[in-house]
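# Structure assessment
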Amino acid sequence: MAYVRHVTPGYADLGRAFVAGGVMAGNWAEAFADVPRAAFLPGLMWPWDMAAGRSVPVSRTDEPERWQAYADADCPVVTQWDDGRHAGTEPGAVATSSASMPSVVFRMLGDLDVRGGDRVLEIGTATGWNAALLAHRAGRVITVEVDADLAERARASLEEFGSSARVVRGDGFEGWPEGAPYDRIIGTCGLRRFPWAWVEQCRPGGIIVAPWGTYFGNGDAVARLVVAADGRSASGRFTDPVEFMKLRAQRLPGVVHGEYVRGSVAEGWESSTGLTEAEFLGEGFAPQRFVAGLRVRDCLQVEAEKRDGARPVWFYGLRDRSWACVLFRDGADARVWQHGARRLWDEVEAAYRWWVACDRPGHERFGLTVTAEGERVWLDGAGESWVL
């Protein structure tokens, strides 16, 4: 049975707000209206409740109006937990697939600059909504999904909707060479190493858009790369800070605290810092976090909950067992403990001081160049760069 298109008032209002606010280019308005997100969401889903600060279960069968309200809202929606091993209605341990915030979706589609007739490769099918939007505009879309269940569900949704997007199952890190060359490639998963296969499969002058970041944290920034005329590199600036579930081939294995800190923090070398919690951490997508990941390699930062005016922030070395902890307290200098071959806090604080000395650059002042030999992040074009 074919899908019967129905645009709800809430979804129509969201589209008008996106166009008015510059979130969505006017040439995407028709696709937004013709391809509603609700057509691709499962009957049981876990949208992010902004007020509660957590994912909540919502059933279309039990609460149809509430389900529709979340489907039409600018919020992320988890659609799979624990790689499909999760059962029941309550959230699982780790979210492993989702429908992104519509505002993020359309900002990335704007970066991709899709034209009618373009051949597009998407990595990370998930629900299939993004692929359906692309197919509505470009016509020729191949979307790759590593998870067999997700691929089958998306294929069924796209067929019912009547979309021409083709779903294939595979490891997105390898792209999909059978359909190359592509005019546009988009990744809807966070990268920690940019796949050279994507550059090889995109035509010279083609555009690749994908979230990229470091293992320092979960945050990403959208990289918009243009493939060079000789096909030997792709380069471009970052646009918006985002956070995506990571490409499964590049997930960071869990760090076990007890394998680093065997006793108490008193075993570490103790010092203090005048940096405050607000200065160092900033907001959720603060650029200083991005910079710390560039300058402090092979390090993971983990923030603990704040209690009684105190927040511990931990740093773990990913190539050895070095660790550091800074304990921020309201109204007092923070205490620092470090242990191991690296003085991780010293490295992190130096990265922050460098960022300040450079006039606190935002994500948009950084860029990424990818070659067959690796990748390089740079500041202000010809400025300082880091080979990763």
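A brief report on the enclosed structure follows. Not measured: the values here are computed from a predicted model.

What follows deals with helix 6 (residues 148–161). Here helix 6 is 14 residues long and its end C-alpha atoms lie 20 Å apart, about the 20 Å a rise of 1.5 Å per residue gives. In this structure, the buried residues of helix 6 make contact with helix 2 (29–34), strand 4 (77–81), strand 5 (95–99), helix 5 (129–138), strand 7 (140–145) and strand 8 (166–169). By the N-cap criterion, in which a side-chain oxygen at the helix start approaches the backbone nitrogen of a residue two or three places on, helix 6 is capped by D147, the distance to D149 being 3.0 Å. Phi turns positive one or two residues past the end of helix 6, at G162, with a value near 90 degrees.

Before going further, it helps to spend a moment on the state of the cysteines. Taken as a whole and assessed by the stated rule, the structure comprises zero disulfides. This cysteine, C189, is not joined by any disulfide, and C202 carries the nearest cysteine sulfur, 16 Å off. For C189, a relative accessible area of 8% translates into the label buried. Looking at C325, it has no disulfide partner, and the nearest cysteine sulfur is the one in C299, 12 Å off.

Another aspect to go through is the side chain of S163. Inspection of the secondary structure assignment puts S163 in the loop between helix 6 and strand 8. Taking relative accessible area as the criterion, S163 reaches 18% and is therefore assigned buried. A polar contact is formed between the side chain of S163 and the backbone nitrogen of A165, at a distance of 3.2 Å.

In this section: helix 10 (residues 344–357). Note on helix geometry: an α-helix contains 3.6 residues per turn, so any two residues three or four positions apart are oriented the same way. Helix length check: helix 10 (14 residues) gives 20 Å between terminal C-alpha atoms against 20 Å at 1.5 Å per residue, within 8%. Within helix 10, the full set of buried residues consists of L344, W345, V348, E349, A351, Y352, W354 and W355. Once helix 10 finishes, D359 follows within two positions and takes phi at roughly 65 degrees, a positive value.

For the rest of this paragraph, the subject is the packing of aromatic side chains. Summed over all chains, the structure comprises 21 aromatic pairs. Taking the centre distance of 5.2 Å and the plane angle of 65 degrees together, the rings of F280 and W345 count as edge-to-face. Here W345 lies in helix 10 and F280 lies in helix 8 (residues 277–281), a separation of 65 residues in the sequence. Consider the rings of W314 and Y316, whose centres lie 6.3 Å apart with planes at 10 degrees: the pair is stacked. An aromatic cluster is present here, built from Y11, F18, W28, F32, F106 and W129 joined pairwise through their rings.

Under the counting rule described, the total for this entry stands at 21 salt bridges. The residue R66 makes a salt bridge to E63 at a minimum N-O spacing of 3.1 Å. For E63, a relative accessible area of 32% corresponds to the partly exposed category. Between E277 and K306 there is a salt bridge, with its nearest N and O atoms 2.9 Å apart. With E277 in helix 8 and K306 in the loop between strand 14 (299–303) and strand 15 (310–317), the pair connects residues that are 29 residues apart, well separated along the chain. Residue classification places K306 among the partly exposed residues on the basis of a relative accessible area of 34%.

Here is what the cut-offs are and how they apply
Residues numbered from 1 in each chain as written. Predicted model: local features only at pLDDT ≥ 70, side-chain atom pairs only at ≥ 80, totals over all residues. Heavy atoms only, no water. Helix = DSSP H or I, 4+ residues; strand = E, 2+ residues; numbered from the N terminus. Expected span 1.5 Å × (residues − 1). Contact = heavy atoms within 4.5 Å. Polar contact = N/O pair within 3.5 Å; in protein donor to acceptor, adjacent residues only side chain to side chain. Disulfide = S-S within 2.5 Å. Buried < 20%, exposed > 50% of the residue type's maximum accessible area, 1.4 Å probe, protein only. Phe/Tyr/Trp six-rings, centres within 6.5 Å; stacked < 30°, edge-to-face > 60°. Salt bridge = Lys/Arg side-chain N within 4 Å of Asp/Glu carboxyl O.

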